[in-house]
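Fold and contact review
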Amino acid sequence: MTCEQARIQMLGGGEGKDFAEHLASCESCRNEVSRIGTLWQSLDLLPLEEPSGKVRDRFYEMLGAYRQGLAAAETRPVRHWWTAPAWQVAAAAGLLAAGLGIGYGMRGNGQPPAEVSQLREEVANMRQLVALSLMQQQSASDRLRGVSWAYRAEPSDREVLGALVTAVNHDSNVNVRLAAVDALRRFSASPETGRAALQSLSKQTTPIVQVALIDLLVDLKNPEAAPELRRLSGNETANEGVRQRAQWALERLQ
Amino acid sequence: MNRFLIGGMMVALGALQTPAQNPVQNPAQNQNPAQMTVAFSNPSQPRKLVVKTMMHRVTIKGYDGKDAIIESSAISERRRRERNVPPGMHPLNVGGGGIEVTEANNVVTVSAESFFGGGDIQIQVPVETSVTVNTVNNGVSVENISGEIDVESVNGGVSVTNSSGAVLATSVNGKVTVALDKVAPGKAMSFSTMNGTIDVTLPADIKANLKMKVDNGDVYTDFDVKVTNDRFDTTQSNTEKGVRIRGNKTTYGTINGGGPEMQFTTFNGRVLIHKK
């Protein structure tokens, strides 16, 4: 089950083995479920709204002014049954109950995800756009900001992942490359991430970025990394710290 | 584009000048024989200085002027050689150690990418200039600059003082020292070194999110840092025993309620964050 399917399930109540399995493996969906749960609970806890005393005062003030205006023409003001406060309160309570009922009904039939998921998609698109456009800026500080926006993208967002991999491999600034390696962790569920980190390790020559990539490969438990790590640990021209790290990583991956 | 090549590259500097679209002071008229002045072609637009060198120590200072003034012993050395050219002859391109200075689209580039030579390169630029420096075997120092500062060195230390721009600084074997009077709002910064200390001084009222990654050392500060650690970099992997989620060895915190991200990364050093 993908995150998208899981989200539709969530809004319909969320049941079934597939859904439970997906939740077990996906942190962001778990967070989402608990957020939605909290929202519904707090909606249930909302007290029934009663018109406040001020509403009544204002109404009578207005009515009084109106009556004064009419006083000359009419000696006996007409009192309709619906102006009685008891009826007003009843009508307000009835409308509120109807509103809550409609809301509950919309939630119950499993259909409403349309607007909610559309909104969520728009937010995700906006974050993607910000991350992608900042990562293409001239200013390295702006590109760094783009990399931190990548943390807010969906973990399944392949475009942001692609932009991060490009940054790791080609950004001219060491600090941007370093931050991009860290941000790849957000996309660790994707098999592409491990492959990209491994390919990048063979190209990098900046020691601090090499070490960050080695740490990432260890955390991803990427067994395909062993040959490259062995080559690096035996490479006389590589930085001493990098060689030691590669050796350490080899032991961890075995 | 005006183009100057000094040191075993060109026959005569004067012959190189293209029509004075970018007014460049004739080197021969300079008071100081080791100095060269290059104008930015569009002084009202954002300026940038790019320096790339293998062997030189680079010092950049912001000053109250509008040109880039480049000073180096390599310049005077070249001029001395030019004075010794026998009549009717010209020097061949032998020997390295040259500095090349170019200007295009408001970017002044100073490069000395030869393995020979060395010594100092001192550059003065207007305070509001963005600066990018890459050095290999010597350090970089940047003073009094309010543009963005990106500095990298391999074996030298990196120092930024008395400045107020966004800073991205890195070294492999050197110390990273940064002291900022004030910071550009909303700008992300990053300081990293493999084998050195990171020593950063920030204005007392700075708002920042800190991301600190220190392998064999500690972080010291006199700021009131609220350690948050609410956002972990985690990795997930599917193993035969199930899903495995690991946290990264990173500490997160905020100063004065949080703001743009500042990242500190060192493997074999410590991090000092001072309040100014």
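A short tour of the structure in this document, coming up. In this text, all values refer to a predicted model and were calculated from it rather than measured experimentally.

**Brief notes about the overall build of chain A**
- Looking only at helices and strands, one finds 13 helices and 0 strands in chain A.
- Each helix and strand of chain A, ordered N terminal to C terminal, gives the series α-α-α-α-α-α-α-α-α-α-α-α-α.
- Across the 254 residues in chain A, those meeting the buried criterion constitute 31%.
- Long-range contacts, defined as pairs at least 24 residues apart, comprise 56% of the intrachain contacts of chain A with a sequence gap of at least 6.

**With respect to the overall build of chain B**
- Scanning chain B from terminus to terminus reveals 1 helix and 24 strands.
- Residues classed as buried in chain B amount to 41% of the 276 residues present.
- Taking the contacts inside chain B whose residues are at least 6 apart along the sequence as the reference set, 58% of them involve residues at least 24 apart.

**Here we look at the sheet that holds strand β18 (residues 219–221) of chain B**
Residues and elements named next belong to chain B.
- Overall, mixed pairing links the 10 strands, which are arranged β2-β5-β8-β4-β10-β12-β14-β16-β24-β18 in an open sheet. The strands lining the two open edges of the sheet, one partner per strand, are β2 (35–39) and β18. Across the sheet, the mean angle from the axis of one strand to that of its neighbour is 10°, orientation sign disregarded.
- As judged from the 4 bridges shared by strand β5 (residues 67–72) and strand β8 (residues 120–126), these two strands associate in the antiparallel manner. Bridge assignment links Ile 69 to a residue of β8, and that residue is Gln 124.

**Section: the interface of chain A and chain B**
- Counting residues at the interface gives 24 residues for chain A, matched by 29 residues for chain B.
- When residues of the side of chain A that touches chain B are traced back to their parent elements, those giving at least two are α7 (140–150), α9 (174–183) and α11 (207–220) of chain A.
- For the side of chain A that touches chain B, the residue count by class is 10 nonpolar, 9 polar and 5 charged.

**A short note on the nonpolar core**
Residues and elements named next belong to chain A.
- In this structure, Val 147, Leu 164, Ala 180 and Leu 217 are the most contacted members of the largest nonpolar core, which totals 94 residues.
- Tallying contributions element by element places α11 first for this core, with 10 residues.
- Those residues in contact with Leu 164, other than ones at most four positions away along the chain, are Val 147, Ala 150, Ala 180, Ala 183 and Leu 184.
- By size, the runner-up hydrophobic cluster in this structure holds 5 residues, among which are Ala 6, Met 10, Cys 26 and Cys 29.

**Focus: the pairing of β5 of chain B**
- For β2 of chain B and β5 of chain B, the ladder comprises 5 bridges, and the chain directions are antiparallel. Bridge pairing in β5 of chain B places Gln 35 of chain B opposite Glu 71 of chain B.

**A few points about the packing of α11 of chain A against helix α13 (residues 240–253) of chain A**
All names here are of chain A.
- At a minimum axis distance of 10 Å, the contact between α11 and α13 shows a crossing angle of 5°. Judged by the inter-axis angle, α11 sits roughly parallel to α13. Residue-level contacts link Pro 207, Gln 210, Val 211, Ile 214, Leu 217 and Val 218 of α11 to Gly 241, Val 242, Arg 245, Ala 246, Ala 249, Arg 252 and Leu 253 of α13.
- Class assignment of the residues belonging to the contact of α11 with α13 gives a composition of 9 nonpolar, 2 polar and 2 charged.

**Section: the pairing of strand β6 (residues 99–104) of chain B**
Residue and element names in this part refer to chain B.
- Burial along β6 is one-sided: the residues Ile 99, Val 101 and Glu 103 are buried and none of Glu 100, Thr 102 and Ala 104 is.
- For β6 and strand β7 (residues 107–112), the ladder comprises 5 bridges, and the chain directions are antiparallel. Across the sheet, the residue bridging to Thr 102 is Thr 109, located in β7.
- Linking β6 back to β7 in an antiparallel pair, the connection comprises 2 residues, with Asn 105 at a positive phi of about 50°.

**Focus on helix α8 (residues 158–170) of chain A**
- Across its 13 residues, α8 of chain A extends 18 Å between first and last C-alpha, which sits within 8% of the 18 Å expected from 1.5 Å per residue.
- Among the residues making up α8 of chain A, those that are buried are Val 160, Leu 161, Ala 163, Leu 164, Val 165, Ala 167 and Val 168 of chain A.

**Remarks on the packing of α8 of chain A against α9 of chain A**
All names here are of chain A.
- Where α8 contacts α9, the axes come no closer than 8 Å and their chain directions differ by 140°. Between α8 and α9, the crossing angle belongs to the class labelled oblique. The two elements α8 and α9 meet at a crossing, and its hand is left-handed. Counting all contacts with α8, which are made through Leu 164, Ala 167 and Val 168, the residues of α9 involved are Val 176, Arg 177, Ala 180, Val 181 and Ala 183.

Criteria and cut-off values
- Counting of residues starts from 1 at the beginning of each chain's written sequence and follows it residue by residue.
- Chains and ligands are labelled sequentially in the order written, the chains with letters from A and the ligands with numbers from 1.
- Totals for whole chains, interfaces and linings use every residue, but because this is a predicted model, local features are given only for residues with pLDDT of at least 70 and side-chain atom pairs only at 80 or more, for both listing and counting.
- Under the scheme used here, helices are H or I runs from DSSP no shorter than 4 residues and strands are E runs no shorter than 2 residues, and both carry numbers assigned from the N terminus.
- Here a residue counts as buried when 20 or more other C-beta atoms sit within 10 Å of its C-beta, as exposed when there are 12 or fewer, and as partly exposed otherwise, the C-beta atoms being derived from the backbone.
- C-beta atoms are first placed from the backbone for all residues, and any pair lying within 7 Å is then listed as a contact.
- For two strands to be treated as a pair, DSSP must find at least two bridges joining them.
- Axis lines are fitted to C-alpha atoms, over the contacting stretch for helices. Their N-to-C directions set the angle, which ranges from 0 to 180 degrees.
- When residue character is reported, Ala, Val, Leu, Ile, Met, Phe, Trp, Tyr, Cys and Pro are called nonpolar, Asp, Glu, Lys and Arg charged, and the others, Gly included, polar.
- Core membership is restricted to buried Ala, Val, Leu, Ile, Met, Phe, Trp, Tyr and Cys residues, and these are joined into a nonpolar core through C-beta atoms within 7 Å.
- Our angle categories are set so that under 35 degrees counts as roughly parallel, over 145 as roughly antiparallel, 65 to 115 as roughly perpendicular, and the remainder as oblique.
- An expected span of 1.5 Å times one less than the residue number is assigned to each helix.
- Two helices that cross are described as forming a left-handed crossing if the nearer one is turned anticlockwise from the farther one by less than a right angle, and a right-handed crossing if clockwise.

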